[in-house]
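Single-letter residue listing:
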Amino acid sequence: MKRTTKSGLVILVSLVLLAFGAVVAVFFSSWVQFFIGHEIVLRDGSRTFKWWQQPPVKPVIKIYIYNVTNADEFLIDGAKPIVQELGPYVYRQEWEKVNVSFHDNMTVTFQQRKVFYFDAEASAGDEEDMVVVPNIPMLSATSQSKHAARFLRLAMASIMDILKIKPFVEVSVSQLLWGYEDPLLKLAKDVVSKDHKLPYEEFGLFYGKNGTSNDIMTIFTGKGDITRYGLVDRWNGKTHLPHWKSDSCNRLNGSDGSIFPPNITPNTTLYVWDKDMCRLLPLKFQKEVVTNGDVLGYRFSPADNVFGDPEHNSENECFCPNGPPCAPNGLFNVSACQYDSPVMLSFPHFYNADPALLNMVDGISPPEKEKHQLFIDVQPQMGTTLRATARVQINLAVSQVMDIKQVATFPDIVFPILWFEDVISGLPSEVTDLLHLATNAPGVAKSALSYGLFIIGGVLLVISVFCLIRNSNRQETLTLESSTHYVNKPANPRPPRNLIPPFPTNGTTKKEPIDVLNPGFVADGNDMS
């Protein structure tokens, strides 16, 4: 009985172990996801917050400038523009989020600080190299005046004559990037009312970006809803842009590219928000990659038609508020958020754009995916950016304006100005080691724990059942032996022989003397006397 009780107890324990193993196999991943979601939430003082505020990376930006080598021939003879790609001009960067404030609605507000340092050793030229490029302030003004009254265009031509403004300028690389004094901007500063003044006094393609940005960004910390972790809530107090036709195109709720909501799959679409692009940039899964520290990542890139015209991408129709005509296929018109300057963005060398754009100028090699594609590598479980290369080309769409003699010979053309790649080559070992542990250890622990519980529970169950069966067989054997003992006895057993005959029960039998009945009791004659 005791053995049966013990076996039953072992069976109960083994079943509990098997059940717990099944629970681990089914729910362990959910527990890990919950734990990761709890740990990565942005909290003041946490390790995640420290890395988010001061990223432990070494960003580098490489800039390539299209130097126009036949500006006079283009203006006078109408020759096809020839450009020479110069660079890279390399700048190291330091990133930090400053003026950080947490709010009760699970958001955090900050300003981005970026400091650029020219890296002469890694560069193919010097910051003081002189380049000839289209005069962007002037050509922006002439393009905007195309539909203005004729007397305004004539007046603009006269002003440009007086100020000796030409369609092309020769400036240093440093001036083109970080700013130089432009006579038209200086004139606008004195003439235009305060409400319509431009927010800068010099012109430079990266003007105002070296230092702390004036823009105030608010993002979700992930607390309370991990699916919104790192997504933009507000930009300068706005939840939507005012530029485009629909709310879906004006929305801002994407990532800044550093962190994304966790649990990313190949079916996920990542959205990156950048104020200079004036829109969310959707990124699609491309392939699995292995990054520093053998950390597995998912590579995401824009779809081939992300800058497609409405004919090639119907979702972009809302980005064409004044069309048709819209921007050529492969270009994105950002003039709406660049003070109506006819700036067009594309990928370098007009990658994934209309081939006619590449043929408008000579000197640009055909695009190559490996050299000119934008991509971000993301750790899928935690949503951390492992590696990224943002590649963008800045172009100027120039229109012919007959009443302004300085550009009267200009054809309608898209001039490439420069392209750059903003590179984060990888994370330091202290981060990748932690990511490697956080992403691989749970899988090993799940397998070890679930298989261990299954094996232990299974072995105990088999042993206990075997013992029960053996005990049952033994009991049955004993029962059979006992039954056989009783079954083999005679049906009418022989009565035992009486050693002493019974006394007669009636008077017909002669009573014998005792000595006859038992000779052992015959006494000696002398004794009897």
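The written sequence of each chain sets the order in which its residues are numbered from 1. Per-residue local features of the predicted model are confined to residues with pLDDT of at least 70, and side-chain atom pairs are confined, for both listing and counting, to 80 or more; whole-chain, interface and lining totals are unaffected and use all residues. Here the side-chain values reflect all heavy atoms present in the structure, with hydrogen atoms and water set aside.

- Within an unreviewed UniProt entry, the label attached to the protein chain reads Scavenger receptor class B member 1, and the organism entered is Cloeon dipterum.
- UniProt positions are given in the numbering used here, feature names are shortened, and annotations may be inferred rather than shown by experiment. Checking UniProt for the protein chain, the heading Sequence similarities (unreviewed entry) contains the comment "Belongs to the CD36 family."

**Some points on the side chain of T432**
And then number 1: Here a strand is any run of E in DSSP of at least two residues, a helix any run of H or I of at least four, and the numbering for each starts at the N terminus. One can find T432 in helix α11 (residues 429-487).
And then number 2: By the criterion applied in these results, polar contacts are pairs of N or O atoms within 3.5 Å in which, for protein atoms, one can donate a hydrogen and the other can accept it, and in which residues neighboring in sequence qualify only through two side-chain atoms. Among the polar contacts made by the side chain of T432, one reaches the main-chain carbonyl oxygen of S429 at a distance of 3.2 Å.
And then number 3: Pairs of residues are marked as contacts when any of their non-hydrogen atoms sit within 4.5 Å. The contacts of T432, once residues within four sequence positions are left out, are N292, G293, V295 and L427.

**Looking at unusual backbone geometry**
And then number 1: Note that the residue after G87, namely P88, is joined by a cis bond; omega there is 10 degrees.
And then number 2: Here P88 is to be found in strand β2 (residues 83-102).
And then number 3: At N236, a residue that is not glycine, the phi angle is positive and equals roughly 50 degrees.
And then number 4: Its location among the elements puts N236 in the loop between β8 (232-235) and α8 (247-250).
And then number 5: Phi at C278 takes a positive value of approximately 65 degrees, unusual for a residue other than glycine.
And then number 6: Locating C278 in the fold gives a position in the loop between β9 (270-274) and β10 (279-291).
And then number 7: Assessed through its relative accessible area of 1%, C278 is described here as buried. Remark: exposure states derive from per-residue accessible area (1.4 Å probe, protein chains only) relative to the maximum for the residue type, with buried under 20%, exposed over 50%, and partly exposed in between.

**Concerning the pattern of salt bridges**
Oppositely charged side chains may form a pair once their charged atoms are brought near each other.
And then number 1: Counted as salt bridges are all cases of a side-chain nitrogen of Lys or Arg within 4 Å of a carboxyl oxygen of Asp or Glu. If you walk through the whole model with that rule in mind, you get 13 salt bridges.
And then number 2: The structure contains a network of salt bridges with shared partners spanning R150, R153 and D403.

**Points about the packing of aromatic side chains**
And then number 1: Stacked, edge-to-face and tilted are the three classes for Phe, Tyr and Trp ring pairs, Trp counted by its six-membered ring, which pair at centre distances within 6.5 Å; planes under 30 degrees apart are stacked, over 60 edge-to-face, the rest tilted. Applying the stated criterion across every chain yields a total of 25 aromatic pairs.
And then number 2: A centroid spacing of 5.7 Å and a plane angle of 65 degrees characterise the contact between W235 and W273, whose relative ring orientation is edge-to-face. Residue W235 is located in strand β8, and its partner W273 is located in strand β9; the two are separated by 38 residues in the primary sequence.
And then number 3: By relative accessible area, W235 is classed as buried at 14%.
And then number 4: For the pair F347 and Y351, a centre-to-centre distance of 6.4 Å together with 65 degrees between the ring planes defines the contact as edge-to-face. Residues F347 and Y351 agree in their burial class; the two are buried.
And then number 5: Taken together, the aromatic side chains of Y91, F116, F118, W178, F206 and F420 make up a single cluster linked through ring pairs.
And then number 6: Either the NZ atom of lysine or the CZ atom of arginine qualifies as a charge over a ring when it sits within 6 Å of the ring centre and within 35 degrees of the ring normal. Above the ring of F110, the side-chain terminus of K97 is found at 5.7 Å from the ring centroid.
And then number 7: Over the face of the ring belonging to F332 we find R279, whose NZ or CZ atom lies 5.0 Å from the ring centre.

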